[in-house]
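Each chain, written out:
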Amino acid sequence: PSPHVSNMNSRSLIQASRASIIICSIILLSLVNSSRCLLIHRKPYVHRRQTAFSHILRWHASESDGTHEDNNEGLSEPLEDSRRSFVKNGFITLTSAAFTGGSLFVSEAGARGLVRFPCKDQTLLNTYHFMRAGSSLLEVEDVWSTNPLFLTNREAALSEKGEDEVRRACNLLKNMGVTPTIVRYSLAASSIDTANIVGEEFNIGRDRLVPEFNYMDPRAIGAWDFSPKNATEEAVWAMDFDEAGPSGRGGRPPPNEDGTPSETLADQVVRLTNLMSVLETLYSGDEIILVFPDGTGPALLSCLIGGIPLYRVHELNFQSGEIRQNVDYNSVNAIATDLPSPYYSEILQRGRQELMQLRENPDEERNVKDLKFEEERAVAEAQRKERQELEEREARQNEFERRQKLEEERRIKEEQRKERQIQAQEREIERKRMRENEDNSTSDISGGAVGGGILLLAVSSVLANSKQSAMIDTDDNRDENGTLSNATIPETNSADIDEVEVSLSDVAKADTDSVELDQPITMEQNETAKVFELASATNIDDEQINLEDSYDDWGDAWLGTINEIMNDDPDISSKLE
């Protein structure tokens, strides 16, 4: 059967049951009052013009007020006639009440808040404009969040793109001459921001911006919450189209462990029915904008109003920031088509494949927040490993540099040690050479001293002969007064003296050159050097020294030295010989 036929059958059953209840209640009430009337009054009479039902009501009212009077005035019929009239008139009243559906006892105003879908025969008391909030920050990041606990988080607030979408929708309403008086919005962060913009654009007071706590919440998708929105939404659409059915009782997402509800379309229908009943009760003649956080909520409410099977709900899905004005039975059916569009068919085809993957891999992690956390953790772990590797490389580099430095220091120390060793060897060689040179110098000095002594002996002999000849000449040339005349004073042979000085200097130079400057000087060398210095510094000038005394002292000194050397070294005497 079609949804329309089933709705008509249900309404007929409701009316029949209500009429039966009313009839039974009236019969019971009539019998009770009739029995009371017969017990209290022995001769009760009623007017012919009064119906049995009105008489019972009057009797009950007078008895409850305590003003009942036993007045039989005007009563002319006996008890049997009144009872026959009561049954006749009561039967007519009950029959009319049954056929009118109890309209005599239930007023129309008492049932105006109860909305029955579809709204074909029932005119809504308000004009409704359905609007979806602009794109939220999570939707921009392709995240689908439906958990009611997280809807108010500012991470789901309106994005800049969403603000532009909302303002364009408001301009569209202004151009169409729509002036909303009430804005009813969900407590989702994006819906709150959207309602604030709408109130600002249409100058609606805060008392007319009314939040709705849970009736406008989106359909919760359980374990698929916080999954990639585009792919998961297509899977849900395919599931609802294939499994939900006309009433939306099939197609339930898998449950979640974090408290996110897992709802079907029928679960959301209950909330939307309560929403419309509350609005129809509170307001009358208003233009109301309903701001939903998702696109399925206003589409589902449109299907309920228009009598569209609920498995086609996603054909009427709202885009971000979209608004549809004057939503009623006719407008909804004008939008709905007989067959799905090709674009919608492509979405269903992709959704079926995605749904198959979701159901084949139920343990696969699809929560974007968890995946992002895992990604951040992986990045942090990679950064930690990179820092650790960098620190290890730096440690290895520092250790290598330290070892190189130690090796360099060791090499330098080794070179310094070798250099000191070489220097020590050179010093040792130098000391050996110096000792050898010292030994050689000692022998040379001894030989030079002998040669110098022989030369001095010769010089001394020459000087002695010169002295003797000079003395002889002096004696011969003395005058009678015992003085020497200038003509007879023999001149000193200056050539001979110069030859002696040259010989002495050569001997001293030869002896000095035979010894290196850096060699230690022995005592004998010192004495010889002093003799040579004394000999070279001696001036043969007659006016400065007495040659006779000098020659005698030199001769004696050298003779003594020669004798000592000859006594110490017998080889010298053999050499002289």
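Refer to the structure presented above.
As the structure is a computational prediction, the values presented were derived from the model and not from experiment.

## Quick word on the sheet that holds strand 1 (residues 127–132)
At step 1: A sheet is described by the order of its strands in space; here 5 strands give the open sequence 4-3-6-1-7, paired in mixed fashion. Of all strands in the sheet, those with a lone pairing partner are strand 4 (209–212) and strand 7 (323–324), marking the two edges.
At step 2: Of the pairings in the sheet, the one linking strand 3 (residues 182–186) to strand 4 comprises 4 bridges and is parallel in character. Residue pairing for strand 4: Ser186 is matched across the bridge by Glu212.
At step 3: Sheet contacts for helix 6 (residues 189–202): strand 1, strand 3, strand 4 and strand 6 (287–292); angle to strand 3, the most-contacted strand, approximately 165°.
At step 4: Along the sheet face, helix 8 (residues 265–282) touches strand 1, strand 3, strand 4 and strand 6 and points at about 155° away from the line of strand 6.

## Re the side chain of Glu201
At step 1: With respect to the secondary-structure elements, Glu201 resides in helix 6.
At step 2: Within the structure, Glu201 has its side chain in polar contact with the side chain of Lys174 (distance 2.9 Å).
At step 3: Among all residues touching Glu201, those that are not within four sequence positions of it are Arg167, Cys170, Asn171 and Lys174.

## As for the nonpolar core
At step 1: Counting 34 residues, the largest nonpolar core has Phe117, Tyr128, Phe130, Met276, Leu290, Phe292 and Leu301 as the members making the most contacts within it.
At step 2: Put simply, the parts of the chain that give this core at least two residues each are strand 1, helix 8, strand 6 and helix 9 (296–306).
At step 3: Excluding anything up to four places from it in sequence, Tyr128 contacts Met276, Leu279, Glu280, Ile288, Leu290, Arg324, Gln325, Asn326 and Val327.
At step 4: Val178, Val183, Tyr185 and Phe202 belong to the second largest nonpolar core, which has 19 residues in total.

## What to know about the pattern of salt bridges
At step 1: For the structure on display, the rule yields 24 salt bridges.
At step 2: Between Glu381 and Arg384 there is a salt bridge whose closest N-O contact spans 2.4 Å. In this pair, Glu381 and Arg384 are both assigned in helix 12 (residues 368–477), 3 residues apart and thus about one turn of the helix distant.
At step 3: Looking at Arg384, the relative accessible area reads 38%, which means it is partly exposed.
At step 4: Residues Arg403 and Glu399 are paired through a salt bridge, measuring 3.1 Å at the closest nitrogen-oxygen approach.

## Quick look at unusual backbone geometry
At step 1: With an omega of -5°, the peptide bond running from Phe117 to Pro118 counts as cis.
At step 2: By secondary structure assignment, the location of Pro118 is in the loop between helix 3 (79–99) and strand 1.
At step 3: Phi is positive for Phe226, close to 65°, though the residue is something other than glycine.
At step 4: Note on placement: Phe226 falls in the loop between strand 4 and strand 5 (227–228).
At step 5: One non-glycine residue, Asn326, lies in positive phi territory at about 55°.
At step 6: Of the residues examined, Asn326 reaches a relative accessible area of 42% and is grouped as partly exposed.

Parameters at a glance
- All residue numbers refer to positions counted from 1 along the written sequence of the respective chain.
- The predicted nature of this model means local features are confined to residues of pLDDT at least 70 and side-chain atom pairs, given and counted, to a pLDDT of 80 or more, with totals for whole chains, interfaces and linings taken over all residues.
- Hydrogens and waters are ignored; side-chain quantities use all the structure's heavy atoms.
- We treat two strands as partners when DSSP finds at least two bridges between them.
- The helix and strand labels rest on DSSP assignments: H or I over at least four residues marks a helix, E over at least two residues marks a strand, and numbering proceeds from the N terminus.
- By the convention used here, residues are in contact when the closest approach between their heavy atoms is within 4.5 Å.
- To define axes, lines are fitted to C-alpha atoms, for helices over the stretch in contact only, and angles between the resulting N-to-C directions are given on a 0 to 180 degree scale.
- Think of a polar contact as two N or O atoms within 3.5 Å of one another; within protein, one of them needs to be a possible hydrogen donor and the other a possible acceptor, and neighboring residues in sequence only count if both atoms come from side chains.
- What is meant by a nonpolar core is a set of buried Ala, Val, Leu, Ile, Met, Phe, Trp, Tyr and Cys residues, joined one to another through side-chain atoms within 4.5 Å.
- Note on classification: 1.4 Å probe, protein chains only; a residue is buried when its accessible area is under 20% of the maximum for its type, exposed when over 50%, partly exposed between these limits.
- Should a side-chain nitrogen of Lys or Arg be within 4 Å of a carboxyl oxygen of Asp or Glu, the pair is scored as a salt bridge.

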